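This is what each chain is made of:
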Amino acid sequence: MIDSHFHLWTEDNSTPEKRAERAEIVGEQAAALGVERIALIGERGESVAECRENNRTVGKYVEEYPDLFYGWARANPKWGEEGVAEFRRAVEEDGLIGLKLYAQVYLDDPRVEPFAEAAVEMDVPILSHVSQRNEPFESLEAESYSEHVVGLAEKFPDLKLLSAHIGGGGHWEHRIKNIQDYDNVYLDTSGSVCDHGSLEMAAEYLGTDRLVFGTDTWFLPGVGKLRGADLTPEEKADIAYNFENLIPETVPNKLSADAVAAGIDRARSHFEERAQPREETIVDANAYLGEFPWRPIDAEPDELLAKMDEKGVDRAVVSSLDAVFYRDVHRGNEELAAAIEDHEDRFIPFATIDPTFPGWRKDLRESVEELGMKGVRLFPAYHDYDIDDDAVVELLEACADYDVPAMFVATLEDKRQRHPRFKLRDHDDIRNKHWGAGHVEALIDALTRAPETDVIIANGWGSAPEIIREVATSYPSGVRLNNFVREGQTLFVLDDLFMFFRYQGADLVDELGVDRLVTGPKLPMLYFDSHYIYTENLPVSEDDKDRVRSENVLSLLE
């Protein structure tokens, strides 16, 4: 595979030795995941001189590690001819492959046109940050949407324009359909959003020849996304190497035609191997059944079972998608119980409970005693209540009495792509698809007030170590000993934690321990491989991985 979109993100690049540190880390990750070549993106720079130094730094990486790196040039369209000159210099002198634009101006701004003209003349591509949010991102001055992409593509039909990260947030369906008629526009597959169906739709409307593999430095989920797409191994292999078609012959370290053909063959074998069902015992702790209002999802029992069999998932902890959007959520629990009848060996049902809705105590009793629910899921952002509301604590205590775990879920999809007429509670505090700082404090408060309840937390992102420190660790706090430790288990869905690279798993294991991690690829909403890859790449023994894959969550349900 060739990663078309990878940020350098290294504090000190001043010496060959310092650059070697980054190259060693990136090369190790790439080799482990089957990535042959990586296109580096340096920092932007606040001036032409600073930008030139950043471009030269990327050029040094390419010169020193030509078998591992390509490099993108940076320049700001606001700099006019000075910026164009630096773009040309970086391509001609530093051996860089094209121009990476961010959000200094919109793509259809006239100030971009001289850069597009230079790119066409040099036969190099332009890669641009693109999104499709409901609300503009306040910290970005001029974030381009697909409409701006179309504007530039129409002006320059000979320009090879790469629209970044289809999974970078926002409405990917809109973006795909908006650019479908512009053959000079390509999509890279990168971004943190790994919605099942996104690559399939892009392939349907654009063709696989206009899809380019990239990660945007989300390396693990980026690789897993392409692995898990419902495309043939041949199509995936082509996507994995399509970027090479955009690189001009003048680039010194461009792969030969024979090398590309050999790489495609290796990629095809790689994807064929990864398409086989896993043999290990796997439980998806965060799966769903039912209808999702905003896009079609294969979430009926037979469809989900087929996907589980395809991937080798033995069992799934499921709750009702419909219940999240019903006013009376218990109707969804009743429908879920009926839907999974005769499939109790594969599905582990969790009831959806809104503790602020009348009759929830009776709903909980019926769910556990009559419908056979093995746990509870809470969706405070969807059902409009505070995480540390007294009613939430009462529900947690009731779960302890029934000896069933409770699971907190922040969101079901990235908030940047929500329906424009649907706004979640605390929307501005939710970090795309994770709890914000205020939510973490409220979670800690609720868990502290209900210490006997077993709890699973989804969407933990980088907050899991803080939560564990406050609710499950004895430590000195100044001269005071904070020795409060919950009696109940406190587990986290690994797939929602901060893990771009394999080596970050070591920090998670050190800070949390394998006993507090569960696998939850969120079938069928996300690509299974894009998140199960976290479990596969944890730096622990296979026995410890088995605890994460299945044993930890099943231990709560015995």
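Structure report, in brief.

1. Notes on the pattern of salt bridges
Phase 1 of the analysis: Within this structure, the stated rule accounts for 43 salt bridges.
Phase 2 of the analysis: Between Lys307 and Asp230 there is a salt bridge, with its nearest N and O atoms 3.2 Å apart. Of this pair, Lys307 sits in helix α11 (residues 301–311) while Asp230 sits in the loop between α8 (219–228) and α9 (233–241); the two residues are 77 residues apart in sequence, bridging distant segments of the chain.
Phase 3 of the analysis: Of the charged contacts in the structure, one is a salt bridge between Arg346 and Asp309, with a shortest N-O distance of 3.0 Å. Pair noted here: Arg346 is in the loop between α13 (330–339) and β11 (347–352) and Asp309 is in helix α11, with a separation of 37 residues, a long-range link.

2. Here's the deal with the nonpolar core
Phase 1 of the analysis: Residues Phe87, Phe243 and Phe408 are the most contacted members of the largest nonpolar core, which totals 157 residues.
Phase 2 of the analysis: Residues in contact with Phe87, not counting those within four places in the same chain, are Ala73, Ala75, Gly98, Leu99, Phe115, Ala118, Ala119, Met122 and Val124.
Phase 3 of the analysis: Core analysis: the next-biggest nonpolar cluster, separate from the first, contains 27 residues, Ala381, Val409, Val553 and Leu556 among them.

3. Some details on unusual backbone geometry
Phase 1 of the analysis: Of the consecutive residues Leu523 and Pro524, the connecting peptide bond is found in the cis state with omega at -5°.
Phase 2 of the analysis: Although it is not a glycine, Asp123 adopts a positive phi angle of roughly 60°.
Phase 3 of the analysis: Note on placement: Asp123 falls in the loop between α4 (113–122) and β5 (126–128).
Phase 4 of the analysis: Assessed through its relative accessible area of 41%, Asp123 is described here as partly exposed.
Phase 5 of the analysis: Positive phi, normally seen in glycine, also occurs at Lys522, with a value near 65°.
Phase 6 of the analysis: For Lys522, the position within the fold is in the loop between β18 (517–518) and α20 (528–536).

4. A closer look at the side chain of Thr189
Phase 1 of the analysis: Note on placement: Thr189 falls in the loop between β7 (185–188) and α7 (198–206).
Phase 2 of the analysis: Of the polar contacts made by the side chain of Thr189, one reaches the backbone nitrogen of Gly214; its length is 3.2 Å.
Phase 3 of the analysis: If near-sequence neighbours (up to four positions away) are discounted, Thr189 is found in contact with Ile166, Leu199, Val212, Phe213, Gly214, Lys225 and Ile239.

5. A word on the sheet that holds β11
Phase 1 of the analysis: Within the open sheet, the eight strands sit side by side as β9-β10-β11-β12-β13-β14-β17-β18. Their pairing is parallel. Each of the sheet's edge strands pairs with one partner strand only, and the pair in question is β9 (283–289) and β18.
Phase 2 of the analysis: Judged from the three bridges that link them, strand β10 (residues 315–320) and β11 form a sheet pairing that is parallel. Within the sheet, the bridge partner assigned to Val318 lies in β11 and is Pro349.

Cut-offs applied
Residues numbered from 1 in each chain as written. Predicted model: local features only at pLDDT ≥ 70, side-chain atom pairs only at ≥ 80, totals over all residues. Heavy atoms only, no water. Salt bridge = Lys/Arg side-chain N within 4 Å of Asp/Glu carboxyl O. Helix = DSSP H or I, 4+ residues; strand = E, 2+ residues; numbered from the N terminus. Core = buried A, V, L, I, M, F, W, Y, C linked by side-chain atoms within 4.5 Å. Buried < 20%, exposed > 50% of the residue type's maximum accessible area, 1.4 Å probe, protein only. Contact = heavy atoms within 4.5 Å. Polar contact = N/O pair within 3.5 Å; in protein donor to acceptor, adjacent residues only side chain to side chain. Pairing = 2+ DSSP bridges.

Any link to function would need more than the numbers given here.
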